[in-house]
Amino acid sequence: MNDAPDDIRTRLGLRRIINASGTMTFLGASIVVPEAVAAVTAILTEFVEIDDLQRRASTVIARLCGAEAGFVTASCAAGISMTLAGAITGDDLAAIERLPDQPGPRNEVVIMAGHMVSYGAPVEQAIRLAGGRVVPVGQATAVRPHQLAGALNERTAAALYVVSHHTVQYGMLPLAEFAALCHRAGVPVIVDAASEYDLRGFLAAGADIVLYSSHKFLGGPTGGIVAGRKDLVRAAYLQNSGIGRGMKVGKEGMAGTIAALEAWETRDHAGIRAREDAALDLWANTLAGRPGVTAIREADPTNNPLDRLRVALAPEQAHITAWDFAARLASGDRPVIVRDHEIEHGYFYLDPCNLHPGEAEIVANRMAGELDSAQASNTIIATPFADRALRAAARRKTWPD
Ligand SMILES: *Cc1c(COP(=O)(O)O)cnc(C)c1O
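Residues numbered from 1 in each chain as written. Predicted model: local features only at pLDDT ≥ 70, side-chain atom pairs only at ≥ 80, totals over all residues. Heavy atoms only, no water.

Student: How should the pattern of salt bridges be read in this particular structure?
Tutor: Pairing between side chains becomes possible if they bear opposite charge and their charged atoms approach one another. Scanning the model with the defined rule gives 23 salt bridges in all. Here Asp7 makes a salt bridge to Arg9, at a shortest N to O gap of 2.8 Å. (Salt bridge = Lys/Arg side-chain N within 4 Å of Asp/Glu carboxyl O.)

Below, the structure written as structure tokens:
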């Protein structure tokens, strides 16, 4: 079935995977929208004055996010480091060149303990890259206002707030309360909203800066969006002559991000939602009534307008564990990659937001085939879960072999 000579993946010797996982860096993020593809192609062969291109990006970002200004950087992670660096240095060009190891005394960055997550790399490291000193607030599952107030002082440069399914989803301070306390102490609030569809809500709720990924829900090329208060945006932008140099975005990232933002305004959001619904219905119907399989539709944990299907397996009846099922789906001619962050609990998710036409049907057929074959097995297919993590770590350490 690997007869797709026109598919660039075939030419590169890559597996033609189907992404039922969501927007993942390790799978190539998202399907870039045609408007952004066209903009990237058009600008790649031209020279531009980069400050002017970024000025144009600022106007578009400002309009869509309800911000004073903005710019495009290499990624949301780059946006975190550059924005915090800007909060530490202001527009002092000499101070910018002294980062990250000589940030001066006002370099503390407060972050709630339940927000200290990994998005593929630790968020604390993005703070330290900027010369910031990480000041965790509260405990992993409980943060109280007095703990935040007590952490803010004359050494505090900024407060970082993470909005993500990765964070602890209870016991944290809501953004509006968090921002009010920080503002009372004169501390700016930076919101990492990399994967959030809401372009205006976080600034409206009190953020001074909000950060997004271009390559996630927006369907842009790889990039990050910094939006918010003009003085903070400018101080972050100036880091391009400092720590931001190694986080450089090219003209194609800027033009593609502008195009993706403009396309977002006219996107057929209801039509996309309807296509996602159809995929979820197909998968739920495919799994209904199968022994040991429970499929439940769930809303996105951070209220993005996106549902996923939670697929739970009872190995005694299904004859296979969730992780062995996921591994089998990820093999073969049309590998299906599922969303497996919590798979040790015996379930995974199917995410419909990054499918090409026809792929939902392939996913359904692949699931039916693998479940039928597990049913026919005389033994329960159950590899120890711990082996899975060890194998994954071992694989990483032998790259590129
Ligand atoms: C994806 C993600 C990031 C990293 O974004 P990049 O643009 O890939 O650097 C940071 N924070 C959160 C919450 C994310 O989901």
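Student: How do you make sense of the side chain of Ser30 when you look at a structure like this?
Tutor: Among the secondary structure elements, Ser30 is positioned in the loop between β1 (18-20) and α2 (34-44). The residues touching Ser30, leaving out its near neighbours within four places in the chain, are Thr23, His215, Lys216, Gly219, Gly220 and Asn354. (Helix = DSSP H or I, 4+ residues; strand = E, 2+ residues; numbered from the N terminus. Contact = heavy atoms within 4.5 Å.)

Student: Just checking my understanding: could you explain the site of the ligand for this structure?
Tutor: Surrounding the ligand, one finds 13 residues, the nearest of these being Cys76, Ala77, Asp192, Ser213 and Lys216. Separating an oxygen atom of the ligand from a backbone N or O atom of Cys76 is a distance of 2.7 Å. The contact in question runs from an oxygen atom of the ligand to an N or O atom on the side chain of Ser213, over 2.7 Å. The fraction of the free accessible surface of the ligand (380 Å²) that becomes covered by protein chains is 92%. When the residues that make up the shell around the ligand are grouped by side-chain class, the tally is 5 nonpolar, 6 polar and 2 charged. (Near = heavy atom within 4 Å. Polar contact = N/O pair within 3.5 Å; in protein donor to acceptor, adjacent residues only side chain to side chain. Areas by Shrake-Rupley, 256 points an atom, 1.4 Å probe, with all protein chains shown as cover. Nonpolar A, V, L, I, M, F, W, Y, C, P; charged D, E, K, R; others polar.)

Student: What's the story with a nonpolar patch on the surface in this structure? I'm lost.
Tutor: A contiguous nonpolar patch, built from Ile8, Leu12 and Leu14 and spanning about 300 Å² of accessible area, is present on the exposed surface. Note on placement: Leu14 falls in the loop between α1 (8-11) and β1. (Patch = residues over 30% accessible without salt bridge, like charges linked within 9 Å, V, L, I, M, F, W, Y side chains within 5 Å.)

Student: Can you walk me through the sheet that holds strand β5 (residues 156-162) in this structure?
Tutor: Pairing between the strands of a sheet comes from backbone hydrogen bonds, and it takes one of two forms, parallel or antiparallel. Read from one edge to the other, the open sheet built from 7 strands follows the order β2-β8-β7-β6-β5-β3-β4, with strand pairing classed as mixed. Every interior strand has two partners, whereas the edge strands, β2 (69-73) and β4 (133-137), have only one. Taking the axes of each pair of neighbouring strands and ignoring which way they run, one obtains an average angle of 25° across the sheet. For β2 and strand β8 (residues 224-228), the ladder comprises 5 bridges, and the chain directions are antiparallel. Of the residues in β8, the one forming a bridge with Thr73 is Gly224. (Pairing = 2+ DSSP bridges. Axes fitted to C-alpha atoms, helices over the stretch in contact; angles between N-to-C directions.)

Student: Looking at this structure, I do not really get the sheet that holds strand β9 (residues 293-299). What am I missing?
Tutor: In space, the 3 strands of this open sheet follow the order β9-β10-β12, with antiparallel pairing throughout. The sheet terminates laterally at β9 and β12 (347-350), the two strands that pair on one side only. Adjacent strand axes in the sheet meet at a mean angle of 25° when their direction is disregarded. Inspection of the sheet shows strand β10 (residues 307-313) paired to β12 by 4 bridges, in the antiparallel sense. For Ala312, the partnering residue across the bridge sits in β12 and is Tyr347. Sheet strands touched by helix α12 (residues 269-287): β9, β10 and β12. Its angle to β10, the strand with the most contacts, is close to 15°. Contacting β10 and β12, helix α14 (residues 322-329) runs over the sheet at an angle of about 40° to β12.

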